[in-house]
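Single-letter residue listing:
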Amino acid sequence: MSIGDLLRERTDAIVHRWVEEVLSSYPRDAAVLFQQQQDPFANPVGRSVRDGTRGIFQAILNGMDSDELRSHLDEIVRVRAVQQFSPSEALSFVFALRSIIRDVIPELDADPRLRREVAELDEKIDRVALAAFDVFAERREAVNQLRIQEVKRQVAWVFRKINQRDGGIEPTPGGPEGELPLSETVKREDLR
């Protein structure tokens, strides 16, 4: 029996353990809720983890189509990118798959004929981890861009309020009337 056959035969057990592993990284009360609540509308995190882990595992079994893999990774990683996880905490779930597979299929390490296939499986899991890191970085960058846009909106709002209070006087780039912008001050000093 090949490693692929063993993985397909025990897919449900592997994915179930993997879901539990991912959800256990959340605070205890949240993890219990995510594991127990099956309604996808009441528990979008749990649904994302269940669908994402199954999809990632199927992608590993079916040849690692990169678009499909990224789509399933995104289901899990996008949620973790906005939470207070460090990158290593957010993505450790990928590496947990190795030990879960070995726990569910102990004969992988016992049968020397499967060593090459086990090494190939480990390599696939490493590629999943690299893809997860790319997705995480993209999602974190998007979150940071949203934060920057929000700060810009808040600053613009403050300037509008100041202008309304001061009778509609437009603020000059250099500050109060008569002062030059900092860039002009520097240029003047450089000329002396």
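Up top is the structure these notes are about.
Description of the structure in this document. Values in this document were obtained by computation on a predicted structure and should not be read as measured data. (Residues numbered from 1 in each chain as written. Predicted model: local features only at pLDDT ≥ 70, side-chain atom pairs only at ≥ 80, totals over all residues. Heavy atoms only, no water.)

1. Overview of the overall build of the protein chain
When its secondary structure is counted, the protein chain shows nine helices and zero strands. Along the protein chain, helices and strands appear, N-terminal first, in the series α-α-α-α-α-α-α-α-α. By the burial criterion, 34% of the 192 residues in the protein chain qualify as buried. Across the protein chain, the fraction of contacts at a sequence separation of at least 24, relative to all contacts at a separation of at least 6, is 69%. In the form shown here, the protein chain has an accessible surface area of approximately 12200 Å², with 54% of it arising from carbon and sulfur atoms. (Helix = DSSP H or I, 4+ residues; strand = E, 2+ residues; numbered from the N terminus. Buried < 20%, exposed > 50% of the residue type's maximum accessible area, 1.4 Å probe, protein only. Contact = heavy atoms within 4.5 Å. Areas by Shrake-Rupley, 256 points an atom, 1.4 Å probe, with all protein chains shown as cover.)

2. Let's talk about the packing of aromatic side chains
Taken as a whole and judged by the stated rule, the model has two aromatic pairs. Centre to centre, the rings of Trp-18 and Phe-93 are 6.1 Å apart; their planes meet at 35°, and the pair counts as tilted. Of this pair, Trp-18 sits in helix H2 (residues 11–23) while Phe-93 sits in helix H6 (residues 87–104), placing them 75 residues apart in sequence. Across the pair, Phe-93 and Trp-18 agree in class, each one buried. Summarising the aromatic geometry, the rings of Tyr-26 and Phe-85 are spaced 5.4 Å apart at their centres and angled 80° between planes, so their arrangement reads as edge-to-face. One end of the pair, Tyr-26, is in the loop between H2 and helix H3 (28–36); the other, Phe-85, is in the loop between helix H5 (66–82) and H6, with 59 residues separating them in the sequence. What makes Tyr-26 buried here is its relative accessible area of 8%. Residue classification places Phe-85 among the buried residues on the basis of a relative accessible area of 11%. Over the ring of Phe-85 we find Arg-80, and its NZ or CZ is 4.3 Å from the ring centre. (Phe/Tyr/Trp six-rings, centres within 6.5 Å; stacked < 30°, edge-to-face > 60°. Lys NZ or Arg CZ within 6 Å of the ring centre and 35° of its normal.)

3. Concerning the nonpolar core
Grouped together as the largest cluster of nonpolar side chains are 47 residues, with contacts concentrated most on Leu-7, Ile-14, Ile-56, Phe-57, Leu-73, Phe-93 and Ile-101. Only helix H1 (3–9), H2, helix H4 (44–61), H5, H6 and helix H8 (115–165) provide two or more residues apiece to this core. With sequence-adjacent residues up to four places away left out, Ile-56 is seen in contact with Trp-18, Leu-69, His-72, Leu-73, Ile-76, Phe-93 and Val-128. (Core = buried A, V, L, I, M, F, W, Y, C linked by side-chain atoms within 4.5 Å.)

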